[in-house]
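# Working through the structure, step by step
Each chain, letter by letter, is given below.
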Amino acid sequence: MSDYILGIESSCDDTSAAVIKDGFLMSNVIASQQVHKDYGGVVPELASRAHEQNIVPVVSQALDKAGIKPTDLTAIAFTRGPGLLGSLLVGTSFAKALGVALNIPIIMVNHLQGHILADFIKQPDKENRHPSFPYLCLLVSGGNSQIVRVDNPLDYEILGQTIDDAVGEAFDKCSKMMGLGYPGGPIIDKLAKSGDPDRFQFAKPQIPGLDYSFSGVKTSLLYFVRDQLKEEPDFMEKNKEDICASFQKTLIDILLSKLIKAAKQTGIREITIGGGVSANSGLRNRIEEEGRNRGWNTYLPEFKFTTDNAAMIAIAGYFHYLHGERTPLDVAPVSRIADF
Ligand code: KG4
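Residues numbered from 1 in each chain as written. Predicted model: local features only at pLDDT ≥ 70, side-chain atom pairs only at ≥ 80, totals over all residues. Heavy atoms only, no water.

### Re the environment of T92
- Within the secondary structure, T92 is located in helix 2 (residues 85-102).
- Residue classification places T92 among the buried residues on the basis of a relative accessible area of 1%.
- Between the C-alpha atom of T92 and that of V331, which follows or precedes it by 239 residues, the distance is 8.4 Å.
- Those residues within four positions of T92 in sequence are excluded, and the remaining contacts are F78, T79, V331 and P333.
- Reaching out from T92, the side chain makes a polar contact with the backbone oxygen of L88 at a distance of 2.8 Å. (Helix = DSSP H or I, 4+ residues; strand = E, 2+ residues; numbered from the N terminus. Buried < 20%, exposed > 50% of the residue type's maximum accessible area, 1.4 Å probe, protein only. Contact = heavy atoms within 4.5 Å. Polar contact = N/O pair within 3.5 Å; in protein donor to acceptor, adjacent residues only side chain to side chain.)

### Regarding the nonpolar core
- Residues L138, F214, I243, F247, L255, L256 and L283 are the most contacted members of the largest nonpolar core, which totals 44 residues.
- Every element with two or more residues in this core is listed here: strand 6 (135-140), helix 4 (167-177), helix 5 (184-192), helix 6 (215-231), helix 7 (235-266), strand 9 (270-274) and helix 8 (281-294).
- Counting residues per element, this core draws most heavily on helix 7, at 15 residues.
- Of all hydrophobic cores here, the second largest spans 32 residues; its members include I5, L25, A311 and I313. (Core = buried A, V, L, I, M, F, W, Y, C linked by side-chain atoms within 4.5 Å.)

### Some points on the site of the ligand
- Around the ligand there are 19 residues in total, and G142, D172, D189, G276 and N280 lie nearest to it.
- G168 is positioned with one of its backbone polar atoms (N or O) 3.2 Å from an oxygen atom of the ligand.
- Where the shell around the ligand is concerned, the elements lending two or more residues are helix 3 (111-116), helix 4 and helix 5.
- Broken down by class, the residue content of the shell around the ligand amounts to five nonpolar, eleven polar and three charged. (Near = heavy atom within 4 Å. Nonpolar A, V, L, I, M, F, W, Y, C, P; charged D, E, K, R; others polar.)

### Focus: the environment of I271
- Its location among the elements puts I271 in strand 9.
- Classification of I271 by relative accessible area gives buried; the value is 0%.
- Sequence spacing of I271 and W296 is 25 residues, and the spatial spacing of their C-alpha atoms is 6.7 Å.

### Points about helix 6
- Taking 1.5 Å per residue, 17 residues should reach 24 Å; helix 6 reaches 25 Å between its end C-alpha atoms and fits that length.
- Of all the positions in helix 6, only V217, K218, S220, L221, F224 and V225 are classed as buried. Burial along helix 6 is one-sided: seen end-on, the buried residues are contained in an arc of 160°. (Expected span 1.5 Å × (residues − 1). Arc of directions from axis to C-beta.)

### Some remarks on the sheet that holds strand 10 (residues 297-299)
- Here we have five strands laid out as an open sheet, ordered 8-7-6-9-10, and mixed in their pairing. Pairing within the sheet leaves two strands with one partner each, and these edge strands are strand 8 (155-161) and strand 10. Pairwise comparison of adjacent strand axes, ignoring direction, gives a mean angle of 25° for this sheet.
- Relative to strand 8, strand 7 (residues 145-152) runs antiparallel, the two sharing six bridges. By the bridge assignment, V148 is partnered in strand 8 with I158.
- Those strands touched by helix 7 are strand 6, strand 7, strand 8 and strand 9, and its axis lies near 160° from that of strand 6. (Pairing = 2+ DSSP bridges. Axes fitted to C-alpha atoms, helices over the stretch in contact; angles between N-to-C directions.)

### A closer look at helix 7
- Taking 1.5 Å of rise per residue, the 32 residues of helix 7 would be expected to cover 46 Å, and the 45 Å separating its terminal C-alpha atoms lies within 8% of that figure.
- Considering bend angle alone, the principal kink of helix 7 is centred on E241 and spans about 50°.
- Most of helix 7 sits inside the fold, with 23 of its 32 residues counted as buried.
- Directly beyond the C-terminal end of helix 7, a positive phi value near 75° is found at G267. (Bend = angle between axes of the 7 residues up to and from the residue.)

### As for the domain arrangement of the protein chain
- In terms of domain boundaries, the protein chain breaks down into domain 1 (4-126 + 305-322) and domain 2 (135-303).
- Of note, the centres of domain 1 and domain 2, computed from C-alpha atoms alone, are 27 Å apart.
- Contact between domain 1 and domain 2 buries roughly 1800 Å² in total, counting both sides, with carbon and sulfur atoms accounting for 62%.
- When the area that domain 1 buries against domain 2 is broken down by residue, the three leading residues are I116, D119 and T306, summing to 36%.
- Applying the counting criterion to the domain 1 and domain 2 interface returns one salt bridge.
- Put simply, K126 and E302 hold a salt bridge, and the shortest N to O gap is 3.3 Å. (Domains from an automatic or database assignment. Buried area = accessible area lost by both parts, 1.4 Å probe. Salt bridge = Lys/Arg side-chain N within 4 Å of Asp/Glu carboxyl O.)

### Considerations on the packing of helix 5 against helix 7
- As a packed pair, helix 5 and helix 7 sit with axes 7 Å apart at the nearest point and diverge in direction by 110°. As summarised for this structure, helix 5 and helix 7 are arranged roughly perpendicular, according to the angle between their axes. For helix 5 against helix 7, the interelement crossing comes out left-handed. Here I188, D189, L191 and A192 of helix 5 come into contact with helix 7, specifically with K240, E241, C244, A245, F247 and Q248. (Parallel < 35°, antiparallel > 145°, perpendicular 65-115°, else oblique. Left-handed = near helix turned anticlockwise from the far one by under 90°.)

Put into structure tokens, the structure is as follows:
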């Protein structure tokens, strides 16, 4: 008999539900919330309310697209954290209620594990290329910048992480500061494509070991733009492509310097990236280029699996399910998770 896992993701501002059948993706529905656009960032209270409105239709659509009834489900995987507590509560409570109603197990998933395992989502009629264990994942999103060693789908070690801002935060905050809009990552990525990455230099942190820091480069850009605007009021407008290209290159240099160090230290050559910032075209090109030069096998997630989605929660939940894990009904969501 086949295993059908329903995945539910509601950690931030995307309400998503997906169905996988024996590891193969049958449906992946995402309702992205537009309500935050006017605020330049996610408003937690509005996000929770939107999840509450979206969750039933999104899950119904995911089941319809997969061509199954609720009673066909084997288990329900849901994001327990990290994320916005009010948002997580909606997905967690829904998973519990549906689990009780159908008398099937629920399985909690760490959102970050979902990003790290995204390469394992198999799709019908498509070749699945995924890393072999152990591998290193550069996990880069709006809330995280980590290098994670993955020994098997249930065994992780954080080798390095940011001591202040996440790299996605640096993209978003700097975009806002330059008046370019939100979310900053895709906007900077697009402008950077027609700019000169070597025209401007920004400060790079000197942090020991494999940890990251992105607050200094953010401040460096802030002072640079402020000083230039004093001299030339339309400096930003005239140079935004070059500023974005140079800023993006600085962030990528910082990310790669520690990833290269981690690969050397561990001797691991299987390299993946995950999280929202893994959609960045400059980062993707650079990972492939370094991979060719250094003899790495590199794996880039499909764009649709880089941002928050329930397919990755379902596949992570499936691994836990196969391992015999079941989550008790008194589980509570958590906004922060220190380790995996
Ligand atoms: O993983 P994600 O969807 O949400 C969490 O943080 O959990 O990541 C969102 C982040 C935002 O900071 C956004 O600006 C960034 O991913 N992002 C990008 C790109 N697309 C999304 N950053 C750089 N380049 C992109 N193309």
